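# Summary of the model geometry
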Amino acid sequence: MAEQKKDLVLDIKDLVIHYETDDGVVEAVNGIDIQLEHGKTLGLVGETGSGKTTTALSILRLVPDPPGVIKSGSIKLDGKDVLNLPVAELEAIRGNLVSMIFQDPMTSLNPVLTVGEQIAEVIALHENISEKEAQTKAGDMLEVVGIPRERYGEYPHQFSGGMKQRVVIAMALACNPKLLLADEPTTALDVTIQAQVLETMKKLREQYGSAMIMITHDLGIIAEVCDEVSVVYAGQIVEHGTLEDIFESTMHPYTEGLFGSLPNIEERKARLQPITGLMPDPTNLPKGCCFAPRCKYCTENCAKSRPDKKWVSDTHYVRCSRYEEPGFQIERRGQ
Amino acid sequence: MEAAKINGAVQEGGAVKRRGQAGEIWRRLKKNKMAMAGLAVLVLLILVSIFADVLFDYNEIVIKQDTSIRLQGPSGAHWLGTDEFGRDILARLVHGSRVSLSVGVIAVSISLVIGGALGAIAGFYGGKTDNLIMRFIDILLAVPSLLLSITIVSALGPSIFNLMLAIGVSSVPSYARIVRASVLTVKDQEYVEAARCIGANNFEIIVSHIIPNCMAPIIVQVSLKVASAILSTSGLSFLGLGIKAPTPEWGAMLSGGRAYLRNAPHLTLFPGLAIIITILALNLLGDGLRDALDPKLKK
Amino acid sequence: MSKYIVKRLIMLIPVLIGVTFLVYFILSMSPGDTATMIAGEGAEAETIEAIRKEYGLDQPVIAQYGKYMWNLLRGDMGRSYLTKRDVFTTIAGAFPNTAKLAFWSILVAVAIALPIGIISATRQYSMVDNVGMVAALLGVATPNFWLGLMLIILFSLKLGWLPSGGMNGWQSYIMPAITLGTGDAALITRMTRSSMLEVVRQDYIRTARAKGVPEKAVIRKHALKNALIPVVTVIGLQFGGLLGGATLTETIFAWPGVGRLLVDSIKSKDTPMVLGGVIMLTITFSVINLLVDILYAFIDPRIKAQYR
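Residues numbered from 1 in each chain as written. Chains lettered and ligands numbered in written order. Predicted model: local features only at pLDDT ≥ 70, side-chain atom pairs only at ≥ 80, totals over all residues. Heavy atoms only, no water.

This next bit is on the overall build of chain C. Each helix and strand in chain C was counted, giving 14 helices and zero strands. If you line up chain C on its principal axes, its C-alpha atoms span 85 × 55 × 30 Å. Within the span of chain C, comprising 308 residues, buried residues form 50% of the whole. Contacts spanning at least 24 positions in sequence make up 73% of the contacts within chain C whose residues lie at least 6 apart. Here chain C has roughly 14100 Å² of accessible surface; of this, 67% comes from carbon and sulfur atoms. Mean positive and mean negative side-chain charge positions of chain C (29 and 19 charges, respectively) differ by 16 Å. (Helix = DSSP H or I, 4+ residues; strand = E, 2+ residues; numbered from the N terminus. Buried < 20%, exposed > 50% of the residue type's maximum accessible area, 1.4 Å probe, protein only. Contact = heavy atoms within 4.5 Å. Areas by Shrake-Rupley, 256 points an atom, 1.4 Å probe, with all protein chains shown as cover. Lys, Arg positive; Asp, Glu negative; His and termini not counted. Charge placed at Lys NZ, Arg CZ, Asp CG, Glu CD.)

See the structure below:
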């Protein structure tokens, strides 16, 4: 099986995370597995609320608690058992071994500290160098992301959204992390700025050799930067494979639906085929396949139990009971 | 995110959703034990003030002087003791709750009506009207509210009505500001423009769209302001500018006890406790309402 | 920045005119004849008439007010109807007493409130939080004149440790400062806590944690400065209120400050004194507000940018 890969930077097994609120238990993450090799990029793609961000936060053990509770599973980050580390060691890892870029650059920088200070802080925390050296290095990092070092002493409100996100990227990469978590890093930005920021990220990641998890709902970004893709639905990975596996030999009806909702420039006459219905209520997930209520291939069997992983190649698996039937194919494959 | 959702919910507004929303708020409020305790105490206080005459006869017990039993400490016959004229303190506190609660409620109503109207007009019409009204509000704000109340009462002469008016006027600014702010945020929303497009006039818009939308902060403010009105009343009475003897009023009772601090501290202790319990109950309820109306603040 | 300050000070002028007019107007509604009152009991009709002329009380209210403002412009606040003393000197004499008390009271308040507020917020729903919040609620609910009386009963009458009133030596500061300070502390504590809770939820705090900043530094370096902004306002407002004279507390402790002076003047319809006091109050309050706004700029770079 493909799980025998060695040299993993991240190894998540059967992660289950619930948010226990007054209004009920939100089943945010329901048994996610992620194996990521050093230097590779994994795309987590799925709708808002499918548990992508929660998964990323759990790698830093930053799931807000209360109400978030990690019910079961294990997270090994470069061999370290994140869920059982003492807080001091955890703090030593955050921003150093693994760092995160958040979705909204407008709110993810502290408004009362200068951008330089904020970058220098993470360097001073994790590297054994003087304050002065940390400041110099923070200036270097600013230049690396394309911001003149003269702007070290300015405050976040003096920067545009794209510039702020560059600062966040500089902060995330300052300590040369082995794993970078990017949570929809370009969603809040203008389209033109998006491309620039993505380009910067891609260049730097290659330069630093970090592995990355790219969280997005944009298949275009996935195609651009990822080696592997996990398609997440209702807190589960419903299909996983290499970029090629997912794009060329799509298996899961939900993945098909994602592609169907993209406009096709080459074939203008083709109509968009949005997925009908809504994500199931995460406080009350269906007993069977969570996608069944929206799935056009759904049979009675689908509502009975959650489908298991079905490996279709060394790199590619899908969770869909229909594949138990010989000869089943989704439409996209048939075309 | 969360804030956007709530704004969204508020914007959907309208009469249809209103009932469901009220039910939701009540459900959240019920979970808050402190707020429910506050509410229970308040209900009890209201009941006591309604049935004060049943509990203690006004002429025979509350204001009848009997110097033979003056300044007695708590006992079986007089649970909280007697005052300098031999009147039962518990009976006076019970009847005093009528004065405090009614002054509190009426004073707040006065400020709510005046302040709300000023704020709504200022916010709705904007421009010069807004400027004029808000400058007036600034002037009122520049004088500390207790001092303003003292000035008004001393000019008009002490009476229950003047007291209510004085306290009411001094908290006009806070309502004017709340309502104005709400109006400004609501005014340009699409659904108000939509209402205007289908021919609703200004008055209809104010009544059916703007007022429902500033209810939340106002409800919270009312519960807290009734509390501060009760505090101001007792403060004014304490200075001798409040309600005249022999009407039982908590602040006046407290003030009356000052001369006997050394030998009969219960004269000041119990009225003070009555005030504290009332204010505490109102504040607990007010805080609970704030949390229930704005779930963002909780967690 | 200096342009902003000047603008704010200029804006004070219409407010001052409005406030004095409002107070003048309210006081003029009071029943009873001012001239008779100034003359004192049993004065003869001629004396009263002479006084009426001398003080200009025979003229319409608006004319009287105009004359008052004219004198004010020339720096003359008039004389007390009652004591015949110069209003400015009297107030200038009382103000330092009030200011000293205000200073110690706000110090007491901040010293109690900030630590409790911060600890409460960082350990939400803990023992410290629950006890602190109940105490704060009680503090808000307790009338300070009652607290003052209780302190007098305990420390002056029963124990005999502290003087029950007046302003003699540092001991006489203790009870008034505690009376005023605890009330304000309650408010500041609640404000600090809710502001901290709000800030701790912000994205940039999550960013700081994700950077590996230790929890203590997250609070101290990242959260506190942001959370203090609204707290500073409240402290400023409270301090401004205290400088205006804590009417009730000053009355209870026989403190020779502005608050007591004002109440006595209002009660005796000593219009020039009241107006003088109100002018002083308005100016102090506005200046404190201005100082708070300036202080903001030092805490929050976003606000600093707006002042340019």
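What follows continues from the structure just given.
Before going further, it helps to examine the sheet that holds strand E6 (residues 98-101) of chain A. Residues and elements named next belong to chain A. Read from one edge of the open sheet, eight strands run E6-E7-E8-E3-E9-E10-E12-E11, paired in mixed fashion. The strands lining the two open edges of the sheet, one partner per strand, are E6 and strand E11 (310-311). Relative to strand E9 (residues 228-233), strand E3 (residues 41-45) runs parallel, the two being bridged by four bridges. Bridge pairing in E9 places leucine 44 opposite serine 230. Packed on one face of the sheet, helix H6 (residues 191-208) meets E3, E6, strand E7 (179-183) and strand E8 (211-216) and runs near 160° to E8. (Pairing = 2+ DSSP bridges. Axes fitted to C-alpha atoms, helices over the stretch in contact; angles between N-to-C directions.)

So, about a nonpolar patch on the surface. All names here are of chain B. A contiguous nonpolar surface patch, about 650 Å² in accessible area, is contributed by Val43, Ile46, Leu47, Ile50, Phe51, Val54 and Leu55. Mapped onto the nonpolar patch, the elements with two or more residues apiece are helix H3 (33-50) and helix H4 (52-55). When residues of the nonpolar patch are assigned to their parent elements, the largest contribution, four residues, is made by H3. Residue class for valine 54 comes out exposed when judged on its relative accessible area of 67%. (Patch = residues over 30% accessible without salt bridge, like charges linked within 9 Å, V, L, I, M, F, W, Y side chains within 5 Å. Salt bridge = Lys/Arg side-chain N within 4 Å of Asp/Glu carboxyl O.)

We now examine the pairing of strand E4 (residues 68-77) of chain A. Residues and elements named next belong to chain A. The pairing of strand E1 (residues 8-21) with E4 spans eight bridges and is antiparallel. Bridge pairing links tyrosine 19 to glycine 68 in E4. Sheet topology places E4 next to strand E5 (residues 80-81); two bridges connect them, and they run antiparallel. Within E5, the residue paired with lysine 76 across the bridge is aspartate 81. Connecting E4 to the antiparallel partner E5 that follows it, the hairpin turn spans two residues, and aspartate 78 within it adopts a positive phi of roughly 50°.

Residues and elements named next belong to chain C. Although it is not a glycine, lysine 84 adopts a positive phi angle of roughly 65°. Residue placement: lysine 84 occurs in the loop between helix H4 (61-73) and helix H5 (87-122). You can call lysine 84 partly exposed: its relative accessible area is 36%.

All told, the structure shown has four cavities of 30 Å³ or more when counted by the stated rule. In this structure, the largest cavity spans a volume of roughly 70 Å³. A:Gly95, A:Ser99, A:Met100, A:Phe102, A:Val122, A:Val168, A:Met171, A:Ala172, C:Thr207, C:Ala210 and C:Lys211 are the residues that line the largest cavity. When residues of the lining of the largest cavity are traced back to their parent elements, those giving at least two are E6 and helix H5 (161-173) of chain A together with helix H9 (203-210) of chain C. Ranked by the residues each element gives to the lining of the largest cavity, the list is headed by H5(A), at three residues. Split into classes, the residues belonging to the lining of the largest cavity amount to seven nonpolar, three polar and one charged. Taken as a whole, the second largest cavity encloses approximately 60 Å³ of empty space. In terms of lining residues, the second largest cavity is bounded by A:Tyr233, A:Gln236, A:Val238, A:Cys289, A:Cys290, A:Phe291, A:Pro307 and A:Arg319. Among the residues making up the lining of the second largest cavity, the classes are represented as six nonpolar, one polar and one charged. (1 Å grid on protein atoms, 1.4 Å probe; cavity = no way out; pocket = protein on both sides within 12 Å on 5 of 7 lines; lining within 4 Å. Points joined across faces, edges and corners; volume = space filled by probe spheres on them. Nonpolar A, V, L, I, M, F, W, Y, C, P; charged D, E, K, R; others polar.)

The next thing to look at is the environment of C:Lys269. Mapped onto the fold, C:Lys269 is located in the loop between helix H12 (258-267) and helix H13 (271-299). Separated by 182 residues in the primary sequence, C:Lys269 and C:Val87 have C-alpha atoms spaced 14 Å apart. Excluding residues within four positions of it along the chain, C:Lys269 makes contact with B:Ser154, C:Ser30, C:Pro31, C:Met37 and C:Tyr81.

Okay, the nonpolar core next. One finds B:Leu93, B:Ile150 and C:Val19 to be the most contacted residues of the largest nonpolar core, which totals 103 residues. Taken domain by domain, the makeup of this core includes at least three residues from each of domain 1 (17-73) and domain 2 (87-306) of chain C. Non-local contacts of C:Val19, meaning those with residues more than four positions away in its chain, are made with B:Ile139, B:Ala142, B:Val143, C:Val278 and C:Thr282. Residues A:Val168, A:Val197, A:Cys226 and A:Val229 belong to the second largest nonpolar core, which totals 65 residues. (Core = buried A, V, L, I, M, F, W, Y, C linked by side-chain atoms within 4.5 Å. Domains from an automatic or database assignment.)

For the rest of this paragraph, the subject is the interface of chain C and chain B. Taken together, the contact between chain C and chain B spans 41 residues of the former and 43 residues of the latter. Buried surface at the junction of chain C and chain B, summed over both partners, amounts to about 3700 Å²; 77% is from carbon and sulfur atoms. In this structure, the connection of chain C to chain B is made through one salt bridge. Taken together, the connections running from chain C to chain B amount to four residue pairs in polar contact (both at pLDDT 80 or more). Contributing elements (two or more residues each) for the side of chain C that touches chain B: helix H1 (2-28), helix H6 (127-141), helix H7 (144-158), helix H8 (171-200), helix H11 (247-252), H12 and H13 of chain C. Here the side of chain C that touches chain B is built from residues that sort into 29 nonpolar, six polar and six charged. (Buried area = accessible area lost by both parts, 1.4 Å probe. Polar contact = N/O pair within 3.5 Å; in protein donor to acceptor, adjacent residues only side chain to side chain.)

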